[in-house]
Structures are given as structure tokens and as C-alpha cells.
Amino acid sequence: MFAPLIVYYFIMSCDQYQCSLMNPLIDLLTRNKHLSDIWNKTPMLTYKAAGIYALWVTFQVVLYICLPDFCHKFLPRYVGGVQEGAVTPAGIVNKYEINGLQAWIFTHVLWFANAYYFHYFSPTIIFDNWIPLMWCANILGYVVSTFAMIKGYFFPTNPKDCKFTGNFFYDYMMGIEFNPRIGKWFDFKLFFNGRPGIVAWTLINLSYAAKQQELYGQVTNSMILVNVLQGIYVLDFFWNEAWYLKTIDICHDHFGWYLGWGDCVWLPYLYTLQGLYLVYHPVQLGTANAIGILILGFIGYYIFRMTNHQKDLFRRTNGNCKIWGKKPEYIECSYMSVEGTKYYSKLMTSGFWGWARHFNYTGDLMGSLAYCLACGFEYILPYFYIVYMTILLTHRCIRDEHRCLSKYGKDWKRYTAAVPYRLLPGVF
């Protein structure tokens, strides 16, 4: 409910208060300014921003539905093209066209071609229109969420995968349809989770770096660190987009405002706060600090990727593999489907999964902390990301484990006894 206000407050604080989160409150409490004064200084929606945003979304839709993936044909070990998702609650297995890496490469080739050769627009175009673009993103987020709800009521893709709680507000926020689609291939979840927000993430950071160069005549090492570390995360997402089909967003969440608006607004505006902050406060880190932050980011990424790789390898081979040089240990569990059929599953207790039940989240948090540390300690705004990610991933731990307890019962208790920690071995 308060998410749109949080986004506005953070972006406004950078635009009008040099990224201070306290000064707007002080001005309001001391009556030095009124809300109307702050609002009147906020850039409004412009035709230019609307045109840019409409072109951007249209371009990403075209790349998504009109260009079948060809990267998997020449990139070793990359899984692209038509892939199957997980079984939905209604027993349906959807097929997806995995071409996110291709879209990311194509988009960035055009971006750099323009920046260094064509010069049709300035690389600072995103930063220069950041707040007007925010209104465009909000409009799309609400339109998509509202359309998804109407679609769920009147023409759902798979009626058996719809969930109606009777609470209009909850249904709007959390979604009715599990996998809303238009036609055969346009899947709302996959498109909005990956495009346009995550493809834009690296472009937004590049625009921040270009603005820093324009304002100060140089790009600081902290800005380079943020671009590199977050760029690795984005590339990892698209390289493993097929694996993403098995994650909680696709496998368990319905598509409503939480995903629709969140992917359009929350992700591109709050996940990029470090780069935005560094435009207003360029930080040149000492060599030792820069190397330390880079190492922290790399270690976090390594843990995040290897933990997920171990889980994926274990699942693909049904445990007939080696983890850290030996056959993995596991606990065999059983559960009953809605139809009353009994199924069996294996929960690994070896490798990183023997250290903690969600050690991939631990690596994710280490990387998140590295982004924030690159900004120094003068203001708290860049650290919103690590605070938010800690809350988000801890909540995901609890939500996932509640679902697993309901699913596996006593077998889940055996698993938690074998792997007693959630995130931090020996601590939590």
C-alpha cells in the first residue's frame, strides 16, 4: 500500500534534497516547507518521457515475442529457446520462449552503438528524464495489474489455475491468475519479471555513469563497481533464465499488483539507488576498500551461483551426481497431491545446502551489501537495498518453509533437524 509513496519519497529526496532522507521530514515538521511545495517542484509527466517509455516497452515486447532465441545455438551450456516450466497447481506444464539473454545483448549493442557512433540521443537520457519516466512506469504498472485482474475474472488463460479469495483488495494485490497469457507465448510473469525492468537495470546504471562523467569529468571507481557487480547479477539472471522458471516467482506466486507494479516501478527505481546516489555524491574509494568490496561482491556471487547450481544438478540427476567430490546425502520425502496421488521428493543435505537451508540467499545478501558499501557511509539512502533484501529474503525463507512443512509434514522436520540453520550457519 505504501510502496508507491516510498518510491516517490526516495526519488524526490535525491532530486530535491541531495539524497537526504531526513531533510524532507525536517522541513515538513518545522513547517519550513509544505507538501505542496515539494510536490510543485517535482517534475511531471512529459510527452517526451511518455514517448521514450512507450518506445522502450514496445521494443522489448517485439524482442520477446518476435525473435526466437538463437543464442543457445552457439553459446555452450546456455539453455535457451523453448523450455518447459514447472507443473502448475492445476497440473498444466507451460512452455516458454527463453530469449532474455538475446534481448539484453541486442539492446545493449544498440545502446553502445548510439553512444559511440550514431549519437541519436544522449547516454544521460534516462537520468535526465528519470522522474517523468517514473510516472510512465506507474501508469503501466497499474494498467497491467488492473488488466490482469479483469482477465482473471472474465477470460483467464487457465481457469483451474485461478485463485479467488473473496477479498477484492487481496486478489488485486496478489493476483488471481497463476500464469496469465495473451496468445501462445506472451506470458505476463516471464515478461514483466525479466523485461523491461531487468534489461533496463544495466542501462539505467550506464546512464548514471554517463551523467557522472558529464557533471564531474570522470567516472568514479565506486560507480564502476556498482555497474560491474550489478551487471554480473543481471547477466546471471538472463544466462539462467530457464532455471528461473523453477523459482518461487514463477512456481508459486499469482500475477497481480505485487508482481505487475513491482516489476515496472519498484525494481528499476529502488534497485538502482546506488548508482543514482553516486551521481549526486561521487565517491572515489581507496584502492584497498575498492578491492575489498569487489572481493565481497565476487564471493557473494560465487556462493549464490554455486548454491543454485548444486541444487539444479541434484534435481536434474535425481541425486546421481557428485557435490564437492562425493555422492550427495539427502532426505527422501513424500507428499500427497490435491488428487490424492502420492509423490516422492529428495531434499539435499550436502554441499552448501548442508550449511544452511537457504544459503543461496546468503550469497545474494553479500552481493547486495557490496553494492551499498561502494557508496560510503555519508548517507543511509544507498543502504535501503540491503535492508529491503534482508527483509524480503527472510520473509521468503519463512514463507517457503511454511509451505514445505505443510507439504512434507514429518519429513520436513527431519530435514530441518539435519540442516538446522536457515541463512547463517551457527547463527540463524
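As a starting point, this report considers the structure included with it. Since we're looking at a predicted model, the values are computed, not measured. (Residues numbered from 1 in each chain as written. Predicted model: local features only at pLDDT ≥ 70, side-chain atom pairs only at ≥ 80, totals over all residues. Heavy atoms only, no water.)

With that settled, the discussion passes to the pattern of salt bridges. Close approach of charged atoms allows side chains of opposite charge to pair. What the rule picks out here adds up to 12 salt bridges. With a shortest N-O distance of 3.1 Å, D253 and R399 are connected by a salt bridge. Of this pair, D253 sits in the loop between α13 (248–251) and α14 (257–270) while R399 sits in helix α19 (residues 384–408); the two residues are 146 residues apart in sequence, bridging distant segments of the chain. A salt bridge links D312 to R316; its shortest N-O distance comes to 3.0 Å. In this pair, D312 and R316 are both assigned in helix α16 (residues 287–317), 4 residues apart and thus about one turn of the helix distant. Residue class for D312 comes out partly exposed when judged on its relative accessible area of 26%. One network of salt bridges, in which partners are shared, links D128, K211 and E214. (Salt bridge = Lys/Arg side-chain N within 4 Å of Asp/Glu carboxyl O. Helix = DSSP H or I, 4+ residues; strand = E, 2+ residues; numbered from the N terminus. Buried < 20%, exposed > 50% of the residue type's maximum accessible area, 1.4 Å probe, protein only.)

Moving on, we come to the layout of surface pockets. There is about 700 Å³ of room inside the second largest pocket. What lines the second largest pocket is a set of 27 residues, and nearest its centre among them are I52, W56, W111, F121 and L203. Elements supplying a minimum of two residues to the lining of the second largest pocket: α4 (47–66), α5 (100–118), α6 (125–128), α7 (130–154), α10 (197–216) and α14. (1 Å grid on protein atoms, 1.4 Å probe; cavity = no way out; pocket = protein on both sides within 12 Å on 5 of 7 lines; lining within 4 Å. Points joined across faces, edges and corners; volume = space filled by probe spheres on them.)

To continue, consider the packing of helix α11 (residues 221–239) against helix α18 (residues 359–373). For the pair α11 and α18, the least separation of the axes is 9 Å and the interaxial angle reads 155 degrees. Our classification of the angle between α11 and α18 gives roughly antiparallel. For the crossing formed where α11 meets α18, the hand is left-handed. Here α11 contributes V226, L229, Q230 and Y233 to the contact with α18, which in turn contributes D364, A370 and Y371. Broken down by class, the residue content of the contact of α11 with α18 amounts to 5 nonpolar, 1 polar and 1 charged. (Axes fitted to C-alpha atoms, helices over the stretch in contact; angles between N-to-C directions. Parallel < 35°, antiparallel > 145°, perpendicular 65-115°, else oblique. Left-handed = near helix turned anticlockwise from the far one by under 90°. Contact = heavy atoms within 4.5 Å. Nonpolar A, V, L, I, M, F, W, Y, C, P; charged D, E, K, R; others polar.)

What follows is about the packing of aromatic side chains. Counted according to the given criterion, the structure contains 51 aromatic pairs. An angle of 15 degrees between the planes, with centres 6.3 Å apart, marks the rings of F112 and Y116 as stacked. With F112 and Y116 both in helix α5 and 4 residues apart, this pair spans about one turn of that helix. Given a relative accessible area of 37%, F112 falls into the partly exposed group. A cation over an aromatic ring shows up here: K189 above the ring of F178, its NZ or CZ 4.0 Å from the ring centre. Over the aromatic face of W243 sits the side chain of R305, whose NZ or CZ is 5.4 Å from the ring centroid. (Phe/Tyr/Trp six-rings, centres within 6.5 Å; stacked < 30°, edge-to-face > 60°. Lys NZ or Arg CZ within 6 Å of the ring centre and 35° of its normal.)

That bond from R195 to P196 is cis: its omega, 5 degrees, falls within 30 degrees of zero. Within the secondary structure, P196 is located in the loop between α9 (188–194) and α10. In the Ramachandran plot, Q18 falls in the positive-phi region, its phi being about 55 degrees despite a non-glycine side chain. Mapped onto the secondary structure, Q18 falls in the loop between α1 (3–17) and α2 (23–29). Look at R77: it is not a glycine, yet its phi comes out positive at around 75 degrees. In this structure, R77 sits in the loop between α4 and β1 (81–87).

Quick look at empty space enclosed by the protein now. In this approach a probe as big as a water molecule rolls over the atoms, and the regions it shows empty are the leftover space. Going through the model one piece at a time under the given rule, you end up with 2 cavities of 30 Å³ or more. Its boundaries defined by the atoms lining it, the largest cavity holds a volume of some 120 Å³. As for the largest cavity, its lining consists of L229, I232, Y233, G297, G300, Y301, F304, G363, D364, G367, S368 and Y371. Of all elements in the fold, only α11, α16 and α18 reach the threshold of two or more residues within the lining of the largest cavity. It is α18 that contributes the most residues to the lining of the largest cavity, 5 residues altogether.

These figures capture arrangement, not role.
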